[in-house]
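A structural walkthrough
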Amino acid sequence: MIITVAHQKGGTGKSTIATNLASLLKADMLDLDKQYSGALWNEQRYSVHERNSKVVPVRMMVLESSGSKPAHAYTLPDVELLNFLSSYKNDKKVKLVIDTAGFDGQNNRLALVMADIVITPVALSGVEIFGLQEFEKILIEAKKQTGRDIPCYVLVNRVVKSSKIRLEDGLAFIKDKDAFNLLKSRLGQRIAFQRAYENGKNVIELNKTSLAAKEMAAVVKEIKQIIKKEIK
Ligand SMILES: Nc1ncnc2c1ncn2[C@@H]1O[C@H](COP(=O)(O)OP(=O)(O)OP(=O)(O)O)[C@@H](O)[C@H]1O
Ligand SMILES: [Mg+2]
């Protein structure tokens, strides 16, 4: 089972969501981004683990071509990427969460083509809708390439009460597109997401009674239901 967190637009929350999902779903993780946002979060997790055994590091893979690798990540030769992804795709039990880079590129495309489900985080400002139109094109191309549907679920991220009109416009746009499904659960603009990242944790480990934790728990629950439905 491959869950690819993707959007060619930078800074929409891919790494934030991928790190939370990987740890909460007890999944392995592949960090395709040379910035290593996911792998560096996991390095922090290793040091937290020494003090708190409940914070379990994620099994993290990075590509050889990404350059100097974080201490605890496994290096994957680029030529092995397809084989590596195939092994998860054919496995119903073991999950892989892929954190992709915020641009359109060959490896990101492969992560889409091989995905069982795609999670696409967006913050619904005007600019994000434009970005989502671009992502729709990429997704449609990937679907053509595989000749199968690649279910894509848009996760509305960084919701702030003050931009309700933009949110409504954005939701209408997503609902109108065949390529996209909309997750019912959303994530608010909350400092806990940044704090959790910096501390090598997910938001539930950071503070299980926070609003961010409740929102993330709802997202995980919804994604688990989707996994059941998509895998059959
Ligand atoms: N729901 C949220 N509430 C508050 N801050 C958030 C939220 N989601 C993401 N952020 C913050 O927004 C910034 C960008 O998030 P993140 O790094 O996850 O995006 P990304 O899509 O992975 O970016 P890139 O394309 O550069 O890889 C980070 O500082 C992150 O902490
Ligand atoms: Mg990122």
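These notes cover the structure that comes with them. (Residues numbered from 1 in each chain as written. Chains lettered and ligands numbered in written order. Predicted model: local features only at pLDDT ≥ 70, side-chain atom pairs only at ≥ 80, totals over all residues.)

1. Let's talk about the overall build of the protein
The following threshold applies: Numbering of helices and strands starts at the N terminus; helices are DSSP runs of H or I of at least 4 residues and strands are runs of E of at least 2. Throughout, the radius of gyration refers to the C-alpha atoms, and the reference size of a globule is 2.2 Å times the residue count to the power 0.38. Every C-beta atom is placed from the backbone, and the number of other C-beta atoms within 10 Å of a residue's own sets its class: buried at 20 or more, exposed at 12 or fewer, partly exposed in between.
Of the regular secondary structure elements, the protein holds 9 helices and 8 strands. Relative to its length of 232 residues, the protein is compact, with a C-alpha radius of gyration of 17 Å against a globular reference of 17 Å. C-alpha extents for the protein along the principal axes are approximately 45 × 40 × 35 Å. Scored against the burial criterion, the 232 residues of the protein give a buried share of 42%.

2. A look at the sheet that holds strand β4 (residues 74-76)
Put simply, the test is: Pairing between two strands requires that DSSP report at least two bridges joining them. Lines are fitted to the C-alpha atoms to define the axes, a helix being fitted only along its stretch in contact, and any angle between axes, read from their N-to-C directions, falls within 0 to 180 degrees. This entry defines residue contacts through backbone-placed C-beta atoms, with two residues in contact when those atoms are within 7 Å.
Read across the open sheet, the 8 strands follow the order β4-β3-β2-β5-β1-β6-β7-β8; overall the sheet is parallel. Looking at the sheet topology across the chains shown, the edges are occupied by β4 and β8 (180-182). Averaged over neighbouring strand pairs, the angle between their axes works out to 30 degrees when direction is ignored. Judged from the 4 bridges that link them, strand β1 (residues 2-5) and strand β5 (residues 96-99) form a sheet pairing that is parallel. The partner of I3 across the bridge, within β5, is V97. Along the sheet face, helix α1 (residues 14-24) touches β1, β2 (28-31), β5, β6 (117-122) and β7 (152-156) and points at about 165 degrees away from the line of β5. Each of β1, β3 (60-63), β4 and β5 is contacted by helix α3 (residues 81-89), which is oriented at about 120 degrees to β1, the strand it contacts most.

3. Looking at helix α2 (residues 37-51)
Note the threshold: Under the convention used throughout, the expected extent of a helix is 1.5 Å for every residue step, that is, one less than its residue count. To be clear, the arc concerns the directions from the helix axis to the C-beta atoms.
Look at α2: 22 Å from first C-alpha to last across 15 residues, which is about the 21 Å you get at 1.5 Å a residue. Those residues of α2 that fall on the buried side of the exposure criterion are G38, A39, W41, N42 and R45. Seen end-on, α2 carries its buried residues on one side only, within an arc spanning 150 degrees. Along α2, exposed side chains directed more than 90 degrees from the buried face belong to E50 and R51. The inward-facing, buried residues of α2 contact α1, β2, β3, β5 and α7 (191-198).

4. As for the site of ligand 1
What counts is decided by this rule: Nearness between a residue and a molecule or strand is assessed with a C-beta atom placed from the backbone; a distance within 6 Å qualifies. Residue polarity is assigned by list, with Asp, Glu, Lys and Arg as charged and Ala, Val, Leu, Ile, Met, Phe, Trp, Tyr, Cys and Pro as nonpolar; anything else, Gly included, falls into the polar class.
Around ligand 1, a shell composed of 18 residues is seen, among which G10, K14, S15, T16 and G102 lie nearest. Those elements giving two or more residues to the shell around ligand 1 turn out to be α1 and α7. Residues of the shell around ligand 1, tallied by class, amount to 3 nonpolar, 11 polar and 4 charged.

5. Considerations on the nonpolar core
Where we set the bar: Under the definition applied here, buried Ala, Val, Leu, Ile, Met, Phe, Trp, Tyr and Cys residues are grouped into a nonpolar core through C-beta atoms within 7 Å.
Grouped together as the largest cluster of nonpolar side chains are 65 residues, with contacts concentrated most on I2 and V97. The residues contacting V97, other than those within four sequence positions of it, are I3, V5, A18, L21, A22, L25, A27 and M29.

6. Looking at helix α4 (residues 106-113)
Taken together, the buried positions of α4 are N108, A111 and L112. The buried residues of α4 occupy one face: seen down the axis, they fall within an arc of 100 degrees.

7. Brief notes about the pairing of β6
Burial of β6 is extensive: 6 of the 6 residues sit out of reach of the surface. The side-chain alternation of β6 yields two buried faces, one formed by I117, I119 and P121 and the other by V118, T120 and V122. Here β1 pairs with β6 via 3 bridges, running parallel. Along β6, the bridge assignment pairs V5 with I119. Across 5 bridges, β6 lies against β7 in parallel orientation.

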